[in-house]
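One-letter residues, chain by chain:
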Amino acid sequence: MSQATPTLKATPNAPPTLSRVRHSLAPWTRIAALTVCALLTLGPVIWTVSTSLRTPAQSFDLPPQIIPTHPTAEAYRGVFDQIDVWLLALNSTLVTALIAVGQMITAGLAGYAFARLEFRFKKPLFGLVLATMMVPLQVTIVPVFLVLKSMSLTDTLLGLIIPAFPTAFGTFLMRQYFLGMPKDLGEAAMLDGAGPWRIFRSVYAPLAAPGLAIVGVLAFNYHWNEFFRPLILETSGQNYTLPLGLVSLQGNLGTGSISVVLAGVVLSMLPAVAVFVVGQRPLREGITSAGVNR
């Protein structure tokens, strides 16, 4: 009779295999890597906020202290004393809010047209729109300035708002968003007698709200921090935006009052951070749903 081969059973004290060790270390490795990346990203921001709460004499302490020993808001009072923060913030809010709304409208309409409508030279025109993304702003600023000057729109807030309405990236994003939506919805509305505008307004535009939110949040954050165009187009202090008005705080660097400069930087960051926090959920849902629809 053949004797059965005994089976080996794992004992409770058996050493862990290499795969188990790797599996147990994988989450901690990812957490450590993400922590390092977060510290590298947030390090300058933390230092900026910390320095804005110090006195000018403490700004150059070595080694630098992350947490101020005696925090003070004197630097923030210095910012309000040296520049008209409320006027600059009002100008920036007006400009960026209108640009964000304008880009949402133009990107939605253009993206829907390139995705759902049929017309001559559609592909070459869309390629031309994408080609404009490769043209630097510095190349087109002189023609834009001459056109605005002929329309008497230089040194006005409208001169900053109107040229920023077209957005090549927003058009591309919304086109891809509309292409991911089922055609059956539009065809059903067409059978009910709806025209292209009614189909867009009543059917596709509500479904594209997350994508439009992406365009709006990105446009607001970009144009809130925009410096180059206001520097070229605006000459009167009453039309300055917040980033342009903060330049006048550079004189404090010569006296060692770096806390005042960084306090102004912190104040300029707050609205952009608030918009990102509020729009984080639709931004995340828009990106996720765009991938799912495809």
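Parameters and conventions
- Residues numbered from 1 in each chain as written.
- Predicted model: local features only at pLDDT ≥ 70, side-chain atom pairs only at ≥ 80, totals over all residues.
- Heavy atoms only, no water.
- Core = buried A, V, L, I, M, F, W, Y, C linked by side-chain atoms within 4.5 Å.
- Buried < 20%, exposed > 50% of the residue type's maximum accessible area, 1.4 Å probe, protein only.
- Helix = DSSP H or I, 4+ residues; strand = E, 2+ residues; numbered from the N terminus.
- Contact = heavy atoms within 4.5 Å.
- Patch = residues over 30% accessible without salt bridge, like charges linked within 9 Å, V, L, I, M, F, W, Y side chains within 5 Å.
- Areas by Shrake-Rupley, 256 points an atom, 1.4 Å probe, with all protein chains shown as cover.
- Salt bridge = Lys/Arg side-chain N within 4 Å of Asp/Glu carboxyl O.
- Arc of directions from axis to C-beta.
- Axes fitted to C-alpha atoms, helices over the stretch in contact; angles between N-to-C directions.
- Parallel < 35°, antiparallel > 145°, perpendicular 65-115°, else oblique.
- Left-handed = near helix turned anticlockwise from the far one by under 90°.
- pLDDT = per-residue confidence, 0-100.

**Observations regarding the nonpolar core**
Membership of the largest hydrophobic core comes to 19 residues, with the highest contact counts inside it found for Tyr112, Met174, Phe178, Met181, Ile199, Tyr204 and Ala208. For this core, the secondary structure elements donating two or more residues are α3 (85–116), α7 (168–179), α9 (196–207) and α10 (209–224). Each residue touching Ile199, except ones within four places of it in the same chain, is listed here: Tyr112, Gly186, Ala189, Met190, Ala194 and Tyr204. Listed in part, the 18 residues of the second largest apolar core include Ala100, Ala219, Leu246 and Ala272.

**A word on a nonpolar patch on the surface**
Where nonpolar side chains cluster on the molecular surface, the patch consists of Leu42, Val45, Ile46, Val49, Ile66 and Ile67 and spans about 530 Å² of accessible area. Note on placement: Val45 falls in helix α1 (residues 18–52).

**Looking at helix α2 (residues 74–82)**
Among the residues of α2, those classed as buried are Ala75, Tyr76, Gly78 and Val79. Down the axis of α2, the smallest arc covering the buried residues is 155°, so these residues share one side.

**Here we look at the packing of α3 against α9**
Following both chains from N to C, one finds α3 and α9 inclined at 110°, their axes separated by 12 Å at the closest point. Accordingly, the angle class assigned to the pair α3 and α9 is roughly perpendicular. α9 is crossed by α3, and the crossing has right-handed handedness. Between α3 and α9, the contacting residues are Gly108, Leu109, Tyr112 and Arg116 on the first element and Pro196, Trp197, Ile199, Phe200 and Tyr204 on the second.

**Here's the deal with the confidence of the model for the protein**
Residues at a pLDDT of 70 or more form 84% of the protein, whose mean pLDDT is 82. Mean pLDDT in the protein bottoms out at helix α13 (residues 252–255), which sits at 58, and peaks at α3, which reaches 93.

**Points about unusual backbone geometry**
With a phi close to 60°, Phe121 is a non-glycine residue in the positive phi region. Assignment of secondary structure puts Phe121 in the loop between α3 and α4 (122–131). For Phe121, a relative accessible area of 54% gives the class exposed.

**Side note on the pattern of salt bridges**
Pairs can form between side chains of opposite charge once their charged atoms are near each other. In total, this model carries three salt bridges according to the counting rule given. The partner of Glu74 in a salt bridge is Arg77, with the nearest N and O atoms 2.6 Å apart. With Glu74 and Arg77 both in helix α2 and three residues apart, this pair spans about one turn of that helix. Given a relative accessible area of 45%, Arg77 falls into the partly exposed group. For the salt bridge of Arg229 with Glu226, the shortest nitrogen-to-oxygen distance reads 2.6 Å. Here Arg229 matches Glu226 in class, with each residue buried.

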